[in-house]
Protein chains: 2
Amino acid sequence: MDAPTGPTGTGTPKMTLLRSWVPGANDPACPFPLNNLPCGVIDTGDPRTDFCATAIGDQVLNLALLEEAGLLRPRVWRQPSATMPQGTMRTHWNGFMAMADWDAYRAALTDLLAEHGNPALRDAPDLRAQVFAPLAQAQLTWPVRIAEYTDFYAGRHHATNVGTMFRGADNALPPNWLHMPIGYNGRASSVVLSGTDIRRPWGQVKGPDEDAPRFAPSARFDLELELGAVVGRASHGPLTVDQADANIFGYVLLNDWSARDIQAWEYQPLGPFQAKATATTISPWIIPAAALGSFRVPPPVRDVPLLPHLRDTGPMFYDIDLSVTLNGHRIAATNARELSYSAAQQLAHHSSSGCPMRTGDLLGSGTISGAERAERGSLLELSWGGKTPLTLPDGTTRSFLEDGDHLALGGAARGDGYQIGFGPCEGTLLPAHDDPFKG
Amino acid sequence: MDAPTGPTGTGTPKMTLLRSWVPGANDPACPFPLNNLPCGVIDTGDPRTDFCATAIGDQVLNLALLEEAGLLRPRVWRQPSATMPQGTMRTHWNGFMAMADWDAYRAALTDLLAEHGNPALRDAPDLRAQVFAPLAQAQLTWPVRIAEYTDFYAGRHHATNVGTMFRGADNALPPNWLHMPIGYNGRASSVVLSGTDIRRPWGQVKGPDEDAPRFAPSARFDLELELGAVVGRASHGPLTVDQADANIFGYVLLNDWSARDIQAWEYQPLGPFQAKATATTISPWIIPAAALGSFRVPPPVRDVPLLPHLRDTGPMFYDIDLSVTLNGHRIAATNARELSYSAAQQLAHHSSSGCPMRTGDLLGSGTISGAERAERGSLLELSWGGKTPLTLPDGTTRSFLEDGDHLALGGAARGDGYQIGFGPCEGTLLPAHDDPFKG
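About the criteria used
Residues numbered from 1 in each chain as written. Chains lettered and ligands numbered in written order. Predicted model: local features only at pLDDT ≥ 70, side-chain atom pairs only at ≥ 80, totals over all residues. Heavy atoms only, no water. Least-squares fit on C-alpha atoms with pLDDT ≥ 70 in both. Contact = heavy atoms within 4.5 Å. 1 Å grid on protein atoms, 1.4 Å probe; cavity = no way out; pocket = protein on both sides within 12 Å on 5 of 7 lines; lining within 4 Å. Points joined across faces, edges and corners; volume = space filled by probe spheres on them. Helix = DSSP H or I, 4+ residues; strand = E, 2+ residues; numbered from the N terminus. Pairing = 2+ DSSP bridges. Buried area = accessible area lost by both parts, 1.4 Å probe. Salt bridge = Lys/Arg side-chain N within 4 Å of Asp/Glu carboxyl O. Polar contact = N/O pair within 3.5 Å; in protein donor to acceptor, adjacent residues only side chain to side chain. Buried < 20%, exposed > 50% of the residue type's maximum accessible area, 1.4 Å probe, protein only. Phe/Tyr/Trp six-rings, centres within 6.5 Å; stacked < 30°, edge-to-face > 60°. Lys NZ or Arg CZ within 6 Å of the ring centre and 35° of its normal. Core = buried A, V, L, I, M, F, W, Y, C linked by side-chain atoms within 4.5 Å. Expected span 1.5 Å × (residues − 1). Arc of directions from axis to C-beta. Disulfide = S-S within 2.5 Å.

Enquirer: Looking at this structure, how should I read the relation of the copies chain A and chain B?
Expert: One copy of the chain maps onto the other through a rotation about an axis followed by a shift along the same axis. Once chain A is rotated about the relating axis by 180 degrees and shifted along it by 0.0 Å, it coincides with chain B to within an RMSD of 0.0 Å. Read as a symmetry element, the transformation amounts to a two-fold axis. Proximity to the rotation axis, assessed at the C-alpha, singles out Gly271(A) in chain A; its C-alpha lies 2.1 Å from the axis. The fraction of interface residues of chain A whose copies in chain B are also interface residues reaches 100%, indicating that both copies meet through the same surface.

Encoded structure:
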């Protein structure tokens, strides 16, 4: 698919592979080449010894040890002569995101790992033995403490599909949709890490033909394929789109599990609430915005011009291939460029009322769907509300998720001979508990 | 007004004044008699020395010093032989709420301050001189770290008034309203303490006669008179109403500042977002649920029975007089018993999907309005959307808030010869900034 062209340019030229001396890093199929350097935290079993890490090739690299060894210490943003306090690279990335000079750190880390770069680590076998460990055995935990979670609705095909099903084709897009990124506040406590089992929720539901609501397990439980943006720097007051873009540290895959039957009954007039509160799964590696810089693409052509505070100022959308795999079968594939509002525009809108934004805020993009059926990022759309169930290669059909279903999202920005992978974002749906209020 | 009677009893008999030896505490006009013992934190200018305090009479009492002096140390909930770690009563009440035996602590504190109780503090003039300070000079800071903020819509007169204005009298109450407490997730970062100035927000607005939206300062900026419930204990999974009631630590006054014009344009289909994100003001003293125990009243008579998971199980509503004062003029007075869903029912519903709830979660009740015009808890209702502006005693009129307006909410549960006061919940509206995106 060719890149859509827009008023603000044609995107950034793609970079080529940055070659590294770390095993596996130069393999075109490796999700974690030197161009990536994702931000994660390794779970050691004891929160006091958990450490920030990056993945490169088939290895994870302990950044806390690298700091303690004096090889790589983050410097303070806007105060280049100062370094961050020792221990910044322990526990989570919040302190780094809030205070550190992201670009300088990334440049120094790249130099340490590059084939012809700073040899201080490459030529120190004892230190190398300490700071590297096999990626395959790494247990990941929270990369950030999530402050608050907001979910947007910035995918036009998704909004059109859902609107058509709920309100008819003539009223598919709400009148405000073309003018701002519609969103709602979600529940940060319900965000879980990839690998966490999801329990089918109970909730209040009422079918269109039923006289009264019932309390029952959700029968229309769904996934939503989204990209999540992690806000790195706090703000107090309205941000421009450029300021917002600069405050976004990175991106994760995000599955916004959704109980469509609970949502249909509850959402008027104050929006989704318990339908979205069971769980939202994110991938444990934050892919830095800097790693995606050469995959930035221009905005879509706009039906109506945006107001100045939301106007496109450059290529802030991303060419990232995305997929949904159900029980091992790929059921959908699309691309993040299908979004109509960038995370920067979402954050600018979020801050427009003066809403304070925090380091660690998570912004879901909304479901990303393409124009074709096979590009739809939710079962609601894939099965058109259950009217055209999906047939899986194993012969079973799906309108919505069944107990035991395993869902995996995938994401990769594809360059010339390399890719920026997102790592896993998966979970298994467990059956509902017995009625918690019986007897 | 007589107490409404309902299916589950007629409320708890009102207690009489508990007499204290602390000056001013037995005055019938004092908001902080021994029956109250609100939970606050005193701002010392250095977060490390801030301390948990209660107010009694015209004094504040330093609970951290009392703990250090060995007079009053919280015991661990469900583990009565264990005491909480030293320092629990510093900084905020979250640790206490999560872990301590609330009732045992309250009983011991009551005994220390009662006229004929434990003399250990009363008869120790040196200690007394250390632990007491004049309330009038106390600077209060955050009583809790707010985890997440949810706002409900549990006031029937308010929902009916707003629904009538927006959708006509025949469709005033949404169909789901009588079956569950409708709510939406708010933004915890926007909650501020009483006394904080509020800046009139900018936002995207579009009048019914306008062709396109504009970015402009909100011209319909409003208050909402609410009660806020503070969740004291975390949970993972659906709570019964009784469990939810037991997890609520206490209550605050809450003003949910609202930009009606931003809301009208943005709220379909995902609910209020930036309209509610400028600020929500809370009072700095948490009034313990235990202090309000003798003001519990039965639920309203229900039009339709609630489903089992939300069913009324006892008198969990509160007889609390509430008021709104604008520039010194009382413009509305109502009572918390006008709510149709208790905070316990709100919390039970909130947890029904499995949503994890946290210590420090804040649940706004929704605007509390009575049946009469003078009992309406928002200017939207008082001026009926601007159609019947309010005339103030100074001759000016109000449809919505004007720059410079000072708002104060008041709350008191009134017993026989005493009252449980809520303390201040106020703020002044500052003019909007110049266009943040001009030029």
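Picking up where we left off.
Enquirer: Looking at this model, I keep getting lost on the layout of surface pockets. Mind explaining?
Expert: Over the atoms rolls a probe the size of a water molecule, and in doing so it shows where empty space is left. For the largest pocket, the calculated volume is near 640 Å³. What lines the largest pocket is a set of 23 residues, among which Lys206(A), Gly207(A), Pro208(A), Asp261(A) and Ala264(A) lie closest to the centre. Approximately 500 Å³ is the volume found for the second largest pocket. Lining the second largest pocket are 20 residues; nearest its centre among them are Gly207(B), Pro208(B), Arg220(B), Asp261(B) and Ala264(B). For the lining of the second largest pocket, the elements supplying multiple residues, two or more each, are helix H5 (156-167), strand E13 (214-217) and helix H7 (260-266) of chain B. Here the lining of the second largest pocket gets four residues from one element, more than from any other, and that element is H7(B).

Enquirer: Just to check I follow, could you spell out the sheet that holds strand E2 (residues 51-56) of chain B for this structure?
Expert: Sheet strands associate in pairs through backbone hydrogen bonding, adopting either a parallel or an antiparallel arrangement. All names here are of chain B. Taken in spatial order, the five strands make up an open sheet running E6-E3-E2-E1-E7, and their pairing is antiparallel. Each of the sheet's edge strands pairs with one partner strand only, and the pair in question is strand E6 (132-134) and strand E7 (140-141). Note: strand E3 (residues 59-62) against E6, three bridges, orientation antiparallel. Bridge pairing links Leu 61 to Phe 132 in E6.

Enquirer: Is there a simple way to think about the interface of chain A and chain B in this case?
Expert: Size of an interface, as often reported, equals the accessible area lost when the parts are brought together. Contacts between chain A and chain B engage 55 residues on the former and 55 residues on the latter. For the pair chain A and chain B, the summed buried area comes to about 5300 Å², and 61% of that belongs to carbon and sulfur atoms. When residues of chain A are sorted by the area they lose upon contact with chain B, Arg187(A), Leu270(A) and Phe273(A) head the list and together hold 16% of the total. In this assembly, chain A and chain B are joined by four salt bridges. Taken together, chain A and chain B are joined by 24 residue pairs in polar contact (both at pLDDT 80 or more). Counting only elements with at least two residues in the side of chain A that touches chain B, the list comes to strand E8 (149-152), strand E9 (183-185), strand E12 (202-205), strand E13 (214-217), helix H7 (260-266) and helix H8 (343-351) of chain A.

Enquirer: Sorry if this is basic, but what is going on with unusual backbone geometry here?
Expert: In most cases, non-glycine residues show a negative phi, while peptide bonds are predominantly trans. All names here are of chain A. Here Gln 268 and Pro 269 are connected by a cis peptide whose omega angle stands at 5 degrees. Here Pro 269 lies in the loop between H7 and strand E18 (280-282). Backbone geometry places Arg 78, a non-glycine residue, at a positive phi of 65 degrees. Residue classification places Arg 78 among the exposed positions, given a relative accessible area of 70%.

Enquirer: Looking at this structure, how should I read the pattern of salt bridges?
Expert: Close approach of charged atoms allows side chains of opposite charge to pair. The full count for this structure, using the stated rule, is 38 salt bridges over all chains. In this structure, the salt-bridge partner of Arg48(B) is Asp46(B), at a minimum N-O distance of 3.0 Å. In this structure, the salt-bridge partner of Arg260(B) is Glu224(B), at a minimum N-O distance of 2.9 Å. Of the two residues, Arg260(B) sits in helix H7 while Glu224(B) sits in the loop between strand E14 (221-222) and strand E15 (225-231), which places them 36 residues apart along the sequence. Overall, Arg260(B) belongs to the buried group, its relative accessible area being 6%. Each of the salt bridges in this network shares a partner with another, and the network as a whole consists of Asp222(A), Glu224(A), Asp256(A), Arg260(A) and Lys276(A).

Enquirer: Whenever I open this one, the side chain of Ser189(B) confuses me. Can you help?
Expert: For Ser189(B), the position within the fold is in the loop between strand E9 (183-185) and strand E10 (191-193). Within the structure, the side chain of Ser189(B) is placed 2.6 Å from the backbone oxygen of Pro356(A), a separation counted as a polar contact. One polar contact links Ser189(B) to Arg187(B), side chain to side chain, over a distance of 2.8 Å. Aside from chain neighbours lying at most four places away, what touches Ser189(B) is Glu148(A), Cys355(A), Pro356(A) and Arg358(A).

Enquirer: It is not clear to me how the packing of aromatic side chains should be interpreted in this structure. Could you clarify?
Expert: The description of two aromatic rings rests on the distance between their centres and on the angle between their planes. Scanning all chains against the criterion turns up 28 aromatic pairs over all chains. Ring pairing ties together the aromatic residues Trp93(A), Phe96(A), Trp102(A), Tyr105(A) and Phe249(A), which thus form one cluster. Above the plane of the ring of Tyr341(A) lies Arg302(A), whose end atom (NZ or CZ) is 5.4 Å from the centre. Against the face of Trp77(B) rests Arg233(B), its NZ or CZ located 3.6 Å from the ring centre.

Enquirer: Can you help me understand the nonpolar core in this one?
Expert: Looking at soluble globular proteins, one finds that nonpolar side chains tend to be buried together. All names here are of chain A. Of all hydrophobic cores here, the largest spans 133 residues; its most connected members are Trp 93, Leu 113, Leu 121 and Tyr 251. Tallying contributions element by element places strand E16 (residues 248-256) first for this core, with six residues. Contact partners of Tyr 251, with chain neighbours within four places excluded, come to Leu 227, Gly 228, Ala 229, Trp 285, Ile 286, Ile 287, Ala 289, Leu 292, Tyr 318, Ala 343 and Phe 422.

Enquirer: Looking at this model, I keep getting lost on helix H3 (residues 102-113) of chain B. Mind explaining?
Expert: An α-helical segment advances 3.6 residues per turn. Residues three or four places apart therefore align on the same side. All names here are of chain B. For H3, built from twelve residues, the straight-helix expectation of 16 Å at 1.5 Å per residue is met to within 8% by its first-to-last C-alpha distance of 17 Å. Within H3, burial applies to Trp 102, Tyr 105, Arg 106, Leu 109, Thr 110, Leu 112 and Leu 113. When H3 is viewed along its axis, its buried side chains cluster within an angular range of 160 degrees and face the same direction.

Enquirer: Is there a simple way to explain the pairing of strand E29 (residues 425-430) of chain B in this structure?
Expert: Where a strand is regular, its side chains alternate between the two sheet faces. All names here are of chain B. By the alternation rule, side chains of E29 split into Cys 425, Gly 427 and Leu 429, which are all buried, and Glu 426, Thr 428 and Leu 430, of which none is buried. Sheet analysis places strand E27 (residues 406-414) next to E29, joined by four bridges and oriented antiparallel. From the neighbouring strand, His 406 faces E29, where its bridge partner is Thr 428.

Enquirer: Is there a simple way to explain the side chain of Asp222(B) in this structure?
Expert: Residue and element names in this part refer to chain B. Structurally, the position occupied by Asp 222 is in strand E14. Note on Asp 222: relative accessible area 0%, which makes it buried. A polar side-chain atom of Asp 222 sits 2.8 Å from the main-chain amide nitrogen of Leu 379. Here Asp 222 is in contact with Asp 256, Trp 257, Ser 258, Arg 260, Ser 378, Leu 379, Leu 380, Phe 400 and Leu 401, once residues within four sequence places are set aside.

Enquirer: I keep staring at the state of the cysteines and nothing clicks. Help me out?
Expert: In protein structure, a disulfide is the covalent linkage between the sulfur atoms of two cysteines. All names here are of chain B. Scanning all chains against the criterion turns up zero disulfides over all chains. Summary of cysteine pairing: Cys 39 is not part of a disulfide, and the nearest cysteine sulfur, belonging to Cys 52, is at 8.0 Å. Residue Cys 39 is classed as buried on the basis of its relative accessible area, which comes to 5%. Residue classification places Cys 52 among the buried residues on the basis of a relative accessible area of 0%.

Enquirer: Sorry if this is basic, but what is going on with the sheet that holds strand E1 (residues 40-42) of chain A here?
Expert: One open sheet accounts for five strands, arranged E6-E3-E2-E1-E7 (chain A); its pairing is antiparallel. Looking along the sheet, the strands with just one partner apiece sit at the ends: strand E6 (132-134) and strand E7 (140-141) of chain A.

Enquirer: Looking at this model, I keep getting lost on the pairing of strand E8 (residues 149-152) of chain B. Mind explaining?
Expert: Residue and element names in this part refer to chain B. With burial as the criterion, each face of E8 is covered, one bearing Tyr 149 and Asp 151 and the other bearing Thr 150 and Phe 152. Sheet analysis places E8 next to strand E24 (residues 362-364), joined by three bridges and oriented parallel. What sits directly across from Asp 151, in E24, is Gly 364. Sheet analysis places E8 next to E9, joined by three bridges and oriented antiparallel. The partner of Asp 151 across the bridge, within E9, is Tyr 184.

Enquirer: Help me understand helix H8 (residues 343-351) of chain B in this model?
Expert: Among the nine residues in H8(B), nine count as buried, and that is most of the element. Among the residues of H8(B), Ala343(B), Ala344(B), Gln345(B), Gln346(B), Leu347(B), Ala348(B), His349(B), His350(B) and Ser351(B) are the ones counted as buried.

Enquirer: Would you mind going over the environment of Pro33(A) with me for this structure?
Expert: Residue and element names in this part refer to chain A. Assignment of secondary structure puts Pro 33 in the segment before E1. With eleven residues separating them along the chain, Pro 33 and Val 22 place their C-alpha atoms 9.1 Å apart. Apart from residues lying up to four places away in sequence, Pro 33 is in contact with Leu 17, Ala 25, Tyr 418 and Gln 419.

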